[in-house]
Number of protein chains: 2
Amino acid sequence: MIPLYQDAAEIERMIQVSDDDSLASDDRALSRAAVEARVLGILQEVQSQGDAALGKIITRLSDPVLPESKRDKTCPWRLSKEALQEAAQNIEPETRDILEYAAANIRQFAEAAMASVQPVHLSHEGFEVGLNWTAIERVACYVPAGRFPLPSTALMTAMTAKVAGVCDICIVSPKLTDEVVAAGVIAGASSFYQLGGAHAVATMAYGTESIRPVSMVVGPGNAYVTEAKRQLQGVIGIDMLAGPSEVVIIADKDANPEWVAWDLLAQAEHSPDACAYLLSDSLPLAESVRLELAKALSQEALPEYLRASDSWGKIFVLQNLQQCVAICNQLAPEHVELLVATPEALKDHMKDYGALFMGYHTPVPFGDYAAGPNHTLPTNRSARFSGTLTPLTFLRPQSWIHATSAAQKLVRASEAFALTEGLIAHARSSALRLK
Amino acid sequence: MIPLYQDAAEIERMIQVSDDDSLASDDRALSRAAVEARVLGILQEVQSQGDAALGKIITRLSDPVLPESKRDKTCPWRLSKEALQEAAQNIEPETRDILEYAAANIRQFAEAAMASVQPVHLSHEGFEVGLNWTAIERVACYVPAGRFPLPSTALMTAMTAKVAGVCDICIVSPKLTDEVVAAGVIAGASSFYQLGGAHAVATMAYGTESIRPVSMVVGPGNAYVTEAKRQLQGVIGIDMLAGPSEVVIIADKDANPEWVAWDLLAQAEHSPDACAYLLSDSLPLAESVRLELAKALSQEALPEYLRASDSWGKIFVLQNLQQCVAICNQLAPEHVELLVATPEALKDHMKDYGALFMGYHTPVPFGDYAAGPNHTLPTNRSARFSGTLTPLTFLRPQSWIHATSAAQKLVRASEAFALTEGLIAHARSSALRLK
């Protein structure tokens, strides 16, 4: 049963301990070194041997490959134009409707974020300066397919890149289901590769004889994919290093305990290392949620790992909602639900989080799929310094300066500043522009 | 003498070769593994032993320490409030004027970039969604002081963080000169640490008994600082991994060869591994620049490493300016100077670069110091996927959703989408909100 904590000092101690490695369990740290070494080997193999390495690795790991009939002529891992169109048409009309409803909301939200960013242009005496936001040219969106194939991830990442103005968007996934392909086509992706794991990321970063490299890889993945992104960061850009999914639910006495229980389970079902915490000012609510969880777990066909509810869940009962907010800020979780009567009153006190779900009627799955905001969010306490995927993830701020011979004050200031720093050639390069 | 290449095939080959490891020489790769291992050791030492480790490392490396009279009572590496004010007042009035002129332009540019970003708020049937840009709470700006102490870097990084709304800004530098402290004070930094190298970055990331950790470290540094930032990325946010500085100058026949020569030298004087390339459509201009370089190097008191001009420089003479632009795009350099009659005509064809300097009268040092745009820029071909430091570097996009019981279409879409992905608890969490 999900454990319940009421003692303030004990709760504080638990938060401090978890401060080191976030909400996540420490078990993963043990195998990290092994993953690092294995991924490094795969990256080197792909970089040095290209397509040949990729073929060997895929055979070695028994990765599912595209049937011959679906392959592009020039690259066995790329879906042919015909297979692509067929897959996109294969899906049920109802599924298409849902994908298109979600796509419309995601597009509208991304477009609003995009429109909210404008270029800069300032005039000074004798010179002008500016800043433009320029889209990255070619991007790969990784769509995981381990436990669940996630067409929603194809929509969220590729659509956002498209709105940013990325010309060339690839979908890369260990399993190109019809739904994933359809979502990618709706989002505006132009090529699809059935490739998964660290070798997929390496291929997109370095390129091979048959695959052109990209400048950025985005999207979540398993530990190997994430480690490959970590090691290749700098060679390519990445969105973030996605860890296990997390939610903190802050619920008051009037929250519906059944709803709270299922919101916790929705988070926990992502993977065995997902985390779902409940913070409440109400012991009766907390107790009711525990009963609802027990009921749900005894009846429903949920993944077996959910039954170990003390590994993914904790309940903290605190004095008041302000305390709940304070603890939540320390945890800096990916998702926060405010299942309280007046969520607006808490919102301004929330500091570090990825996405906020306000009010009894707003569960996290609304954000996972169709409301519009992105489900690609910072985990593992990185919400302290990073945020959700937006079109800006795919834009580079580039600055420019255009001076004329009238910029004499700037010339003199640059010369003098350079001399302060002891940079002789900088001073001379400036001074030569003196009239 | 700086080598000159005219054969198109040879140039193409050179660019391809350098594609792997940017403009930079391969020598650095050899020592990379040693740096990695050494930095890892330092990070572990600081994380596990805090202040004690820091003291030991500083003694071991003979780092310059603050005189006792300047130390804060609670932390020997922090400048006391009194010493801070004294340092800021010690500088020459002329130096203060220059710092404040530069600060005003940097602030105005950062404010314009900040104002160009707006929150998002959209209303749908039964639900609202939005996006806010929230400043990171506590940031450290690393100011290098190896070859040259750089007050300009203190201004560029700390002022930009301040404009973004960061409350708590630390300046961290191996040598807190009066100029660096004055620049930090003008920019709005609140605490100053005389700490350098990988242990400085580790201290800011993990915190110690006497120093509170930050959420982000920005600013350039030597190979150890950069490697520490690389390894700590994820524990903290970072701006970018700064490599050696680079410029590509595109100059036409009417460019002043003396100006071109000194602009190249200004880039090359940063460090022995800096790079400065000239691309021109004019052989006479290229030849004149070589003569000017020889003249400058024989007369001036420039760093000795500049005399090895074939290590930092190359001149490519091409058919026309379009070819120059194409080569420049492949190099994706940090700085580009367009020393041509009509720089506007080339601007739209420029793709991958950090900052652009347009026209004969705009040398890079204008951007290094006082024009307003930031001098913290992507190196090592990372301009393909990242850009200059702006206030947005210090902001996190945080999304929110607020649904009411009227959001029935969203409920049904989320439920159906979840079932498509096989996520039972997601579907149930959504469906519970059905009326």
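None of these values were measured; they are calculated from a predicted model.

Colleague: Just give me the short version of the side chain of Gln 267 of chain B, but keep the residues and values in it.
Modeller: For Gln 267 of chain B, the position within the fold is in helix 9 (residues 257–268). Those residues in contact with Gln 267 of chain B that sit more than four places away from it in its chain are Ser 245, Glu 246, Val 247, Ala 274, Cys 275, Ala 276, Glu 334, His 335 and Val 364 of chain B.

Colleague: Tell me what's going on with unusual backbone geometry, and back it up with residues and numbers.
Modeller: If you check the backbone angles, Arg 381 of chain A has positive phi at about 70° while not being a glycine. Positionally, Arg 381 of chain A belongs in the loop between helix 14 (364–369) and strand 16 (395–403). In this structure Arg 381 of chain A comes out as buried when scored by relative accessible area, which is 13%. The backbone of Ser 62 of chain B sits at a positive phi, close to 55°, despite the residue not being glycine. Here Ser 62 of chain B shows up in the loop between helix 2 (27–60) and strand 2 (71–72).

Colleague: Which residues make up the interface of chain B and chain A, and what values do they have?
Modeller: In many analyses, interface size is given as the accessible surface area lost on bringing the parts together. With 114 residues of chain B in contact, the opposing surface of chain A contributes 114 residues. Buried surface at the junction of chain B and chain A, both sides included, amounts to about 10200 Å², of which 62% is carbon and sulfur. When the buried surface of chain B facing chain A is broken down by residue, Tyr 369, Phe 417 and Arg 433 of chain B rank first, second and third, together holding 8% of it. Linking chain B with chain A are 10 salt bridges, by the criterion used here. One salt bridge connects Glu 137 of chain B with Lys 351 of chain A, and the closest N-O pair in it is separated by 3.9 Å. At the surface where chain B touches chain A, the tally comes to 51 residue pairs in polar contact (both at pLDDT 80 or more).

Colleague: Any details on the sheet that holds strand 1 (residues 4–5) of chain A? Residues and values, ideally.
Modeller: Adjacent strands of a sheet form backbone hydrogen bonds with each other and so pair up, either parallel or antiparallel. With respect to topology, nine strands assemble into an open sheet ordered 1(A)-13(A)-12(A)-11(A)-14(A)-15(A)-16(B)-5(B)-4(B), the strand pairing being mixed. The strands lining the two open edges of the sheet, one partner per strand, are strand 1 of chain A together with strand 4 (120–124) of chain B. Bridge analysis of strand 14 (residues 335–339) of chain A against strand 15 (residues 355–358) of chain A gives four bridges, and the strand direction is parallel. Bridging across to strand 15 of chain A, His 335 of chain A finds its partner in Ala 355 of chain A. Lying over the sheet, helix 12 (residues 321–331) of chain A contacts strand 11 (246–251), strand 12 (275–280), strand 13 (313–317) and strand 14 of chain A, oriented at roughly 170° with respect to strand 11 of chain A.

Colleague: Give me the lowdown on the environment of Ala 251 of chain A, citing residues and values where you can.
Modeller: Residues and elements named next belong to chain A. As for its placement among the helices and strands, Ala 251 is situated in strand 11. You can call Ala 251 buried: its relative accessible area is 0%. With 89 residues separating them along the chain, Ala 251 and Val 340 place their C-alpha atoms 5.4 Å apart.

Colleague: Requested: an account of the nonpolar core, with residues and values cited.
Modeller: Counting residues in each nonpolar core, the largest one holds 205 residues, and the members touching the most others are Leu 155, Ile 171 and Leu 265 of chain A together with Leu 155, Ile 171 and Leu 265 of chain B. The contact partners of Ile 171 of chain B, leaving out residues within four places of it in the chain, are Cys 141, Val 143, Ala 154, Ala 158, Leu 176, Val 180, Gly 184, Ala 189, Ser 191, Phe 192 and Tyr 193 of chain B.

Colleague: If you had to explain the sheet that holds strand 13 (residues 313–317) of chain B to someone new, which residues and values would you point to?
Modeller: Taken in spatial order, the nine strands make up an open sheet running 4(A)-5(A)-16(A)-15(B)-14(B)-11(B)-12(B)-13(B)-1(B), and their pairing is mixed. In this open sheet, the two strands that pair with only one neighbour each are strand 4 (120–124) of chain A together with strand 1 (4–5) of chain B. When strand 11 (residues 246–251) of chain B meets strand 14 (residues 335–339) of chain B, the two strands line up parallel, connected through five bridges. Across the sheet, Ala 251 of chain B pairs through a bridge with Leu 339 of chain B, a residue of strand 14 of chain B. Those strands touched by helix 12 (residues 321–331) of chain B are strand 11, strand 12 (275–280), strand 13 and strand 14 of chain B, and its axis lies near 170° from that of strand 11 of chain B.

Colleague: An account of helix 15 (residues 408–421) of chain A is requested, with residue identities and associated values reported.
Modeller: Working note: α-helix, 3.6 residues per turn, so residues spaced by three or four point in the same direction. The end-to-end C-alpha distance of helix 15 of chain A is 20 Å, a good match for the 20 Å that 14 residues give at a rise of 1.5 Å each. Where helix 15 of chain A is buried, its residues contact strand 5 (127–135) and helix 16 (424–431) of chain A together with helix 4 (93–115), helix 5 (151–164) and helix 14 (364–369) of chain B. Among the residues trailing helix 15 of chain A, Gly 422 of chain A stands out with phi positive, at a value near 80°.

Colleague: Account for the packing of aromatic side chains, with residues named and values stated.
Modeller: Scanning the model with the defined rule gives six aromatic pairs over all chains in all. Here the aromatic rings of Phe 417 of chain A and Tyr 369 of chain B are separated by 4.8 Å at their centres, their planes lie at 20°, and the arrangement is stacked. Of the two residues, Phe 417 of chain A is situated in helix 15 and Tyr 369 of chain B in helix 14; the pairing between them involves two chains. Assigned by exposure class, Phe 417 of chain A and Tyr 369 of chain B land together as buried. Among the aromatic residues, those joined into a cluster by ring pairs are Tyr 5, Tyr 277 and Phe 316 of chain A.

Colleague: Which residues make up the relation of the copies chain B and chain A, and what are the values?
Modeller: Superposing chain B onto chain A takes a rotation of 180° combined with a translation of 0.0 Å along the rotation axis, leaving an RMSD of 0.0 Å. Interpreted geometrically, this transformation is the action of a two-fold axis. Among all C-alpha atoms of chain B, that of Val 117 of chain B lies closest to the rotation axis, at 2.3 Å. Interface residue correspondence from chain B to chain A reaches 100%, placing this contact among same-surface, isologous pairings.

About the criteria used
Residues numbered from 1 in each chain as written. Chains lettered and ligands numbered in written order. Predicted model: local features only at pLDDT ≥ 70, side-chain atom pairs only at ≥ 80, totals over all residues. Heavy atoms only, no water. Helix = DSSP H or I, 4+ residues; strand = E, 2+ residues; numbered from the N terminus. Contact = heavy atoms within 4.5 Å. Buried < 20%, exposed > 50% of the residue type's maximum accessible area, 1.4 Å probe, protein only. Buried area = accessible area lost by both parts, 1.4 Å probe. Salt bridge = Lys/Arg side-chain N within 4 Å of Asp/Glu carboxyl O. Polar contact = N/O pair within 3.5 Å; in protein donor to acceptor, adjacent residues only side chain to side chain. Pairing = 2+ DSSP bridges. Axes fitted to C-alpha atoms, helices over the stretch in contact; angles between N-to-C directions. Core = buried A, V, L, I, M, F, W, Y, C linked by side-chain atoms within 4.5 Å. Expected span 1.5 Å × (residues − 1). Phe/Tyr/Trp six-rings, centres within 6.5 Å; stacked < 30°, edge-to-face > 60°. Least-squares fit on C-alpha atoms with pLDDT ≥ 70 in both.

As far as function goes, none of this settles anything; it's purely spatial.
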